Amino acid sequence: MEENKHVTIYDIAERLNLATSTISRALKDHHTISDKTIKKVKKTAEEMGFVPNTLAAGLRGNKTRTIGVLIPTVTQPFLSSLISGIEITAQKSDYTVIIMQSHDSYEEEVNMAKSLYSNRVSGVICSLAMETRDTAHFHQFSNNNIPLVFVDRVPKDYNTFRVVIDNYSAGYKATKHLIEQGCIRIAHLTAGSELGNLYNERKRGYIEALKDHNIEVEEELIINLNSVTYEDGVKASNALFDLNPIPDGLFAPGDILAVSAIQTAKKRGIKVPEEFKVIGFNNDPISQIIDPNLSTITHPAEKMGKASAEIIIKNLKSSKSDDAKEITFLNTEVLARESSEK
């Protein structure tokens, strides 16, 4: 049996005995083509199973109607929700989304950025890799008028759009909550480079909350992580539980880290929340599965994804480019659950 081949406008033109230019214009409802011919061409195209080659059309016009999304991983619930928000908004405006993962590797991020550029994406949304110290690989987009939005993990000094939450305020709220629950020796896990200021801002909120409540900032209670994984959380938690006395509270800047702390505490016979109170960050689904349920900070991931895509689409539709600006979501709040109750 002969394999099915892709139907082209040449095949339609041959069947209808019309010029390929006529077929092309008819499919686009061009005003120079009669309604009768447009109807006949579209009916024949449908019968023959014709599918427009949008990629080829995009390459000819240097526009692919594609938004490139470059993130550390798709496995984190926060980033999955972020992607969902991007896709919902993109689809409404007839844009497709390409998703690439850096796996928190600077080298991979550079390679993925090159790949997105070579695929002629219309715009790029990026959350930086943990290892990233230099953002020169994004200049290829900025220098060629390709809209670029950094979201969540953003560089400090790059003149482009940013979509973030107030991480300082969120870190302050989380720490203050533990203080209100009676904690006086609160540990904190932090991560990331000086370039991406997400974790630095949460740490700053943690420190300011301690100072405002006359609690000493103890450097041995602050642990820097290479990555935000369960395994890193277990290692850090064990280091904290090796201290004498152990901390009575922990503000973890991600729910997976907080969960690892709870499970490590259980294995070492430390009662949560009686002896050790914990609050996480993001309100991931696991926060309501773990026993005890995890107190956490809400994070409007889907809204941030929608806002990022809206910026890209607005800039692509507008002939003039807006001055780069930052959109900051302020509506983070404490969700108090069993892991931090008095």
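Residues numbered from 1 in each chain as written. Predicted model: local features only at pLDDT ≥ 70, side-chain atom pairs only at ≥ 80, totals over all residues. Heavy atoms only, no water.

**Some thoughts on the domain arrangement of the chain**
No. 1: Partitioning the chain into structural domains gives domain 1 (9-52), domain 2 (64-166 + 301-330) and domain 3 (167-299).
No. 2: Distance between the C-alpha centres of domain 1 and domain 2: 37 Å. (Domains from an automatic or database assignment.)

**Some details on the packing of aromatic side chains**
No. 1: Summed over the entire model, instances satisfying the criterion amount to seven aromatic pairs.
No. 2: On the numbers, 5.5 Å between centres and 75° between planes, the contact of F150 with Y158 is edge-to-face.
No. 3: Considering the side-chain rings of F251 and F281, the 6.4 Å spacing of their centres and the 35° angle between planes classify their relative orientation as tilted. Placement of the pair is F251 in strand β8 (residues 249-251) and F281 in the loop between β9 (277-279) and β10 (296-297), with a sequence separation of 30 residues. Each member of the pair, F251 as well as F281, carries the same accessibility label: buried.
No. 4: Ring pairing ties together the aromatic residues Y117, F138, F141, F150 and Y158, which thus form one cluster.
No. 5: Cation over ring: R65 sits above Y95, and NZ or CZ is 4.2 Å from the ring centre.
No. 6: Of note, R202 hangs over the ring of F281, and the distance from its end group to the ring centre comes to 3.7 Å. (Phe/Tyr/Trp six-rings, centres within 6.5 Å; stacked < 30°, edge-to-face > 60°. Helix = DSSP H or I, 4+ residues; strand = E, 2+ residues; numbered from the N terminus. Buried < 20%, exposed > 50% of the residue type's maximum accessible area, 1.4 Å probe, protein only. Lys NZ or Arg CZ within 6 Å of the ring centre and 35° of its normal.)

**Here's the deal with the sheet that holds strand β11 (residues 326-329)**
No. 1: Ordered in space as β2-β1-β3-β4-β5-β11, the six strands form an open sheet in which the pairing is parallel. Both outer strands of the open sheet, β2 (96-101) and β11, are each paired with one neighbouring strand and no more. Here the average twist between neighbouring strands, direction ignored, is 15°.
No. 2: In this sheet, strand β4 (residues 148-151) lies alongside strand β3 (residues 123-126) in parallel orientation, the contact comprising three bridges. Considered in β4, the bridge of I125 is made with V149. (Pairing = 2+ DSSP bridges. Axes fitted to C-alpha atoms, helices over the stretch in contact; angles between N-to-C directions.)

**Some thoughts on the nonpolar core**
No. 1: In terms of nonpolar packing, the biggest core is built from 66 residues, with L250 and F276 touching the most fellow members.
No. 2: With seven residues, the single largest contributor to this core is helix α12 (residues 301-317).
No. 3: When residues are assigned to domains, this core turns out to be shared by domain 2 (64-166 + 301-330) and domain 3 (167-299), each giving three or more.
No. 4: Setting aside residues no more than four positions away along its own chain, L250 makes contact with L178, I186, A187, H188, L189, L240, A261, F276, K277, V278 and I279.
No. 5: Core analysis: the next-biggest nonpolar cluster, separate from the first, contains 17 residues, C126, L128, F141 and L148 among them. (Core = buried A, V, L, I, M, F, W, Y, C linked by side-chain atoms within 4.5 Å. Contact = heavy atoms within 4.5 Å.)

**Looking at the sheet that holds strand β6 (residues 186-191)**
No. 1: The four strands lie next to each other as β7-β6-β8-β9, forming an open sheet whose pairing is parallel. Each edge of the open sheet carries a strand with a single partner, namely β7 (222-225) and β9. Within the sheet, the average angular offset between the axes of one strand and its neighbour, ignoring direction, is 20°.
No. 2: In this structure, β8 lies alongside β9, joined through three bridges in parallel fashion. Residue pairing across strands places F251 opposite I279, the latter belonging to β9.

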